[in-house]
Amino acid sequence: MQKALQNNGGFILKNILDRDVPKKVSSYTNLEPYYGSSNKDIIKNNDKLIDFEEVLDKLDIKDGMTISFHHHFREGDILLNKIIKNLAERGIKDLTLAPSSLTNVHSDTVIENVKKGVIKKIHTSGLRGKLGEEISNGLMGEPVIIRSHGGRAGAIETGRLDIDIAFIAAPTADIAGNVSGAEGPSACGALGYAAVDARNAKKTVAFTDNIVDFPVKSISIPQRLVDYVVEVNQIGDPSKIAKGALRKSVDTPPKNMIVASKVAEIIRGSRYFKEDFSLQTGSGSISLETISLLKKIMIEKEITGSFLMGGITSGHVDLLENGLFKKIFDTQSFDIGAVESINKNKLHLEIDASDYANPFNKGPLVNNLDFVILSALEIDLDFNVNVLTGSDGVLRGASGGHSDTAFGSNISIIVAPSIRGRMPTIKESVTTVITPGSDIDILVTERGICVNPKREDIKEDIRKNTSLDIIEINELKEKIESITKPANSIEFKDNIVGLVEYRDGTIIDVVREIK
Amino acid sequence: MSRLRRSMLYLPGNIPSMLQDAHIYGSDSILIDLEDSVPLSEKDSARILVKNALDNIDYGDIEVTIRINPIHTDFYVDDLKTIVASKPDAIRIPKSETAEQIKKVDDLISKIEKENNIEAGYVKLMPMIETAKGVKNVHDIAEASMRNVALTIGGEDLATDLGVTRTKGSEEIFTARSLIVMAAKAADIDALDTIYSNVKDIEGLKKETKLIKKLGFSGKAVIHPNQIKPIHNVFNPTEKEINEAIKIVNAAKEAEEKGLGAITVNDKMIDYPIVERAQKILSYAESTSK
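The structure presented is a predicted model; accordingly, all values stated were derived computationally and were not measured.

(A) How the structure looks around the overall build of chain A. The helix and strand tally for chain A stands at 15 helices and 29 strands. With respect to the principal axes defined by its C-alpha atoms, chain A has extents near 90 × 55 × 50 Å. Across the 515 residues in chain A, those meeting the buried criterion constitute 58%. Sequence separation of at least 24 residues holds for 71% of the intrachain contacts in chain A that already meet a minimum separation of 6. When the accessible surface of chain A is split by element, carbon and sulfur atoms take 48% of a total near 21500 Å².

Rendered as C-alpha cells:
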C-alpha cells in the first residue's frame, strides 16, 4: 500500500486516529487528513436559541452589508424597524436594505435611517406612503431598485442580489431552527419570499414569539438553512397580518361587481376554460367576486381546474375544498381561511418565490398558468401597465408578481376602474412601465373591454361565446376623456430615484424625482 | 312595444362620481333625483350639476329620467327651466295629486321645448303617486298629459300619508298598487313600482318583484345596483315560457293559414288573447336579449 502511494508521488501523514493517509495521490492533491468529527465548519448545534442582543453581536454586521426581510406580515411587521433601529444604535452605516417589499409601517424608520446614513440603498418590490413620497422627492443618494417577486428570486439565486444576513420574522420556530409560517399568534401562512432568502443568505436568523417543542408541525423553512433562533416578546401585530372573514358580495363596490361579472364571462367563453385549467388572482374585491362567480360556472359546466395561485384567500380555499381545483400553490396567504387551510390541507401547497416566478429556474409555476387577473394604476395605448407610480408620479405601489404572471400565463387580464377620482386610467403612455404591453392581453373596466390587437384568438372567443362588446383601447380612452378630459402630464426632474428591473434583470424603466 | 322599464336606478343629483357612472350597471333607466336625496342647501348646485351631466355624459340608449322637486315647492320651476333644455327622456313628478298639476308641468315643458327648438312632446312625464289624494285622482292624472308614459308609486311617502307602517308583505299599499295599475293600463301607459329598501335582502326583493309583476307593473325603482339583476330575472320570460309562446304563435299562424278558428296547444284551447299574450312574451324576450 505504502509502496503504491509512493509510486504515485504522494506522501503520507498520520491523521488524528493515527491512520496513515496521503496528502496527495494520483490526481487528487491537497487531501486533508481527518482531525475530528467537529471542526470550524461542522458544528453540531441543535439548540440555536440565542438572545436578541447576542445574535447581533455574533453576526458581526459590518458597514455596507446587505440585509433582507420578508413582507408576509404586511402592515403588522415589527421586526424590520426593530433591527434597523438596533443597527443604527450600533453605528452601522451604508447598509443595503433588501426586503421582499416595504409597507407603510416601515416608512418612518426607513426614512430616518436613510437620512442618518444607516441605509444607503434599497432593493424592494414596492414602496408606499411617506417613504414612497420621500424617495420620489429625492431622499436617497442612490436609486431604489424595484424588482418583481420572480425577478428578486432570480437576482438572489444568480448572485446579483447577494444577501449577507436574512432576518426572518417567524410565526413559529423550534430551537433547532425549523420555521413554520402557519402556526402561532402571528401566523401568516406561506413564507414563500423568506424561503428564498434563507436558502441563499450567508447567515439566516429566525425571530419568533412562539417557540415550540421540536419539531414544528409544518416546516416552511428547514433547520438546515437557519443559523440562529431568537425569541422575542412579540414578532408581529396579528390584527394586521391576516385579514378575517372574506368580504360579502353586498359590500363589494357595485362597480367592481360589474367588472368581475365581465371577467367571469370572458373566462367562461375562453378556449382555455377547459378541464385542468389554472388561474391566479389577487385578493382584491374584483378577484374575490370573480372567483365566486367562476365557482358557479365551473359547477354548471362540470369543469375542474388544475391549480390556483396568487395571494391566497378563503375564496380560493373554498374552490379547493369543493373539489373544483386539484391544488393551491401558495407563496403568500392573505386571510385566516388561507392560513388555516395551508395548515391542514395537503392539497394546499406552500411554494417559494423561486418556484413561483423565477425566470431563470427550470420551471417557474407562472409558466403553467392559463389565466391571471391583475390590477393596474395606469395602462397605455400599447397596453403597457404601471402598478408602481401614481397619477402624480409618486412611488405608491409594487411590482409584485405582475410582470411574472403576465409573461407566464396564456391570458393576462387587467381589471381597473376607468376613472380613479378624477383621473383616467388609460393614458397615452404610462408614467412607469412595470409590465410590457406585449404580455398584457385584455383590459376590463366598468366602461368597456379592450383586447390587445395581437390576440385575435381572444377577440374571436369573446365575440363568439359571450354577449360582451369589445372596444378599441383608443376609443375607450376618448370615451373616458369625454368625462375627465385628458390628464396633464407630470413634470419630473432629471434625477433618477428608482431603477425598475424587468424580471430578467434588464432595466425596463426608471422613476425620476418629481418637481 | 314600449321601451323596457324593468329597473330604474335612483341616483342622488348632487354626487358627481355617481352621475358619471350612472349608466354602467345595466338598469333600463336611471332616475336622477333632485328631490329627497338632495339637501335644501344643495338644490341649486345639484340642478346645475345634473344639467352638465346631461350635456356632457353619453348615457347611450338608457332612459334618463329626472325626479324634480314637488309642485308645491318653489324649486320645481327652476328644476324644469334648468333641466328640460338638456333633453332628459322623462321627468318624474313627485307627490302628484291632481290632473291640474300635471298640466301645469306639461305647459311649462312645452314652453321650454319651444324656446330651445326641441321637438314638441320630446320630454315625457311619469307622475308619481304618493298620497291618498293622488290615489283618489289617479285616473285623471294618468290621462292628464300626452307626455305621460308611466305612473309610478312612492311606497314610503304613501305609507306616511296613510298613517301606517311599511311592512315586508306590503299589504298597506296593495290597494294603491292595484288602482295605479288599473289607471295606467286604462291610459295605455306603464305602471312602475316603488323601491325595496333593504338592499341586503335579495330574496325579499325577488319575492316582492314577483308580486308586483303579477299585479301588472312593468318594473321597479332600485336604490342599489345589486338589485338590478334579480329584478330583470323576475321580469324576463323563462325558457319554458318562451318555448310555450313560440308553440302558440306558430299554431295560431298555421290555423290562420288553414282558415281554422279555435286551436289547441298541449290540450288547451287557444284563443286570441292567449295568442296576443304569447306574442308579447316573444317581443319582450327579444327586447331583453339586446
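From this point, the discussion proceeds with the structure in view.
(B) Region of interest: the sheet that holds strand S27 (residues 448-451) of chain A. Residue and element names in this part refer to chain A. Spatially, the eight strands line up as an open sheet ordered S17-S16-S15-S14-S18-S22-S26-S27, and their pairing is mixed. The open sheet has two edge strands, strand S17 (348-350) and S27, and neither has a second partner. Here the average twist between neighbouring strands, direction ignored, is 20°. Of the strand pairs in this sheet, strand S16 (residues 325-333) and S17 are connected by three bridges, and their pairing is parallel. Counterpart to Ile328 in the pairing with S17 is His348.

(C) Structural context of the pairing of strand S8 (residues 219-222) of chain B. Residue and element names in this part refer to chain B. What you see with S8 is no split at all: Gly219 and Ala221 on one side and Lys220 and Val222 on the other are buried throughout. Pairing between strand S1 (residues 7-12) and S8: three bridges, direction parallel. Pairing of Leu9 across the sheet is with Val222, part of S8. Here two bridges tie strand S7 (residues 190-193) to S8, and the two strands are oriented parallel to one another. Bridge assignment links Leu192 to a residue of S8, and that residue is Gly219.

(D) Quick peek at the environment of Arg47 of chain B. Mapped onto the fold, Arg47 of chain B is located in helix H2 (residues 43-56). Aside from chain neighbours lying at most four places away, what touches Arg47 of chain B is Leu34, Phe75, Asp78, Asp79, Thr82 and Ile83 of chain B.

(E) Up close: the interface of chain A and chain B. With 13 residues of chain A in contact, the opposing surface of chain B contributes 12 residues. Between chain A and chain B, a total of about 1000 Å² is buried, with carbon and sulfur atoms accounting for 56% of that surface. Taken together, the connections running from chain A to chain B amount to two salt bridges. A salt bridge links Asp21 of chain B to Arg447 of chain A; the shortest N-O distance between them is 2.9 Å.

(F) Quick look at the pattern of salt bridges. Evaluated as defined, the whole model comprises 59 salt bridges over all chains. Where Glu142 of chain A meets Lys120 of chain A, a salt bridge forms, and the shortest distance between an N and an O atom there is 3.9 Å. Highlighted residues: Glu142 of chain A in the loop between helix H5 (129-136) and strand S8 (144-146) and Lys120 of chain A in strand S6 (residues 119-124), separated in sequence by 22 residues. With a closest N to O distance of 2.8 Å, Arg6 of chain B and Asp28 of chain B form a salt bridge. Highlighted residues: Arg6 of chain B in the segment before S1 and Asp28 of chain B in the loop between helix H1 (16-20) and strand S2 (29-33), separated in sequence by 22 residues.

(G) How the structure looks around unusual backbone geometry. Omega for the peptide link from Phe214 of chain A to Pro215 of chain A comes to -10°, which places this bond in the cis form. Here Pro215 of chain A shows up in the loop between strand S12 (203-208) and strand S13 (228-231). Positive phi outside glycine occurs at Asp60 of chain A, with the angle close to 50°. Structurally, the position occupied by Asp60 of chain A is in the loop between helix H2 (52-58) and strand S4 (66-68). According to the relative accessible area criterion, Asp60 of chain A is partly exposed, its value standing at 43%. At Lys87 of chain B, a residue that is not glycine, the phi angle is positive and equals roughly 55°. On the secondary structure map, Lys87 of chain B appears in the loop between helix H3 (75-83) and strand S4 (90-93). For Lys87 of chain B, a relative accessible area of 40% translates into the label partly exposed.

(H) Up close: a nonpolar patch on the surface. Residues and elements named next belong to chain A. A surface patch of nonpolar side chains, amounting to about 450 Å² of accessible area, comprises Ile16, Leu17, Tyr34 and Tyr35. Here Tyr34 is to be found in the loop between strand S2 (20-22) and strand S3 (49-50). Look at Tyr34 and you get partly exposed, because its relative accessible area is 37%.

(I) Structural context of the packing of H2 of chain B against H3 of chain B. Residues and elements named next belong to chain B. At a minimum axis distance of 9 Å, the contact between H2 and H3 shows a crossing angle of 20°. Classed by the angle they form, the pair H2 and H3 counts as roughly parallel. Note on packing geometry: the crossing formed by H2 with H3 is right-handed. Residues Lys43, Arg47, Val50, Lys51 and Leu54 of H2 form the contact with H3, whose own contacting residues are Phe75, Asp78, Asp79, Thr82 and Ile83.

(J) Region of interest: the packing of aromatic side chains. With the rule as written, the count across this model stands at seven aromatic pairs over all chains. Ring geometry for Phe167 of chain A and Phe207 of chain A: centres 5.9 Å apart, planes at 35°, overall tilted. Taken together, the residues span a long stretch of sequence, with Phe167 of chain A in strand S9 (residues 165-170) and Phe207 of chain A in strand S12 at a distance of 40 residues. Taking the relative accessible area as the measure of exposure, Phe167 of chain A reaches 1% and is therefore buried. Here Phe207 of chain A falls in the buried class, since its relative accessible area comes to 0%. Clustering of aromatic rings is evident, with ring pairs tying together Phe52, Phe69, Phe167 and Phe207 of chain A. Directly above the aromatic system of Phe334 of chain A lies the positively charged group of Arg74 of chain A, at a separation of 4.5 Å from the ring centroid. Lying over the aromatic face of Tyr122 of chain B, Lys87 of chain B brings its terminal NZ or CZ to 4.7 Å of the ring centre.

Criteria and thresholds
Residues numbered from 1 in each chain as written. Chains lettered and ligands numbered in written order. Predicted model: local features only at pLDDT ≥ 70, side-chain atom pairs only at ≥ 80, totals over all residues. Heavy atoms only, no water. Helix = DSSP H or I, 4+ residues; strand = E, 2+ residues; numbered from the N terminus. Buried < 20%, exposed > 50% of the residue type's maximum accessible area, 1.4 Å probe, protein only. Contact = heavy atoms within 4.5 Å. Areas by Shrake-Rupley, 256 points an atom, 1.4 Å probe, with all protein chains shown as cover. Pairing = 2+ DSSP bridges. Axes fitted to C-alpha atoms, helices over the stretch in contact; angles between N-to-C directions. Buried area = accessible area lost by both parts, 1.4 Å probe. Salt bridge = Lys/Arg side-chain N within 4 Å of Asp/Glu carboxyl O. Patch = residues over 30% accessible without salt bridge, like charges linked within 9 Å, V, L, I, M, F, W, Y side chains within 5 Å. Parallel < 35°, antiparallel > 145°, perpendicular 65-115°, else oblique. Left-handed = near helix turned anticlockwise from the far one by under 90°. Phe/Tyr/Trp six-rings, centres within 6.5 Å; stacked < 30°, edge-to-face > 60°. Lys NZ or Arg CZ within 6 Å of the ring centre and 35° of its normal.

These figures capture arrangement, not role.
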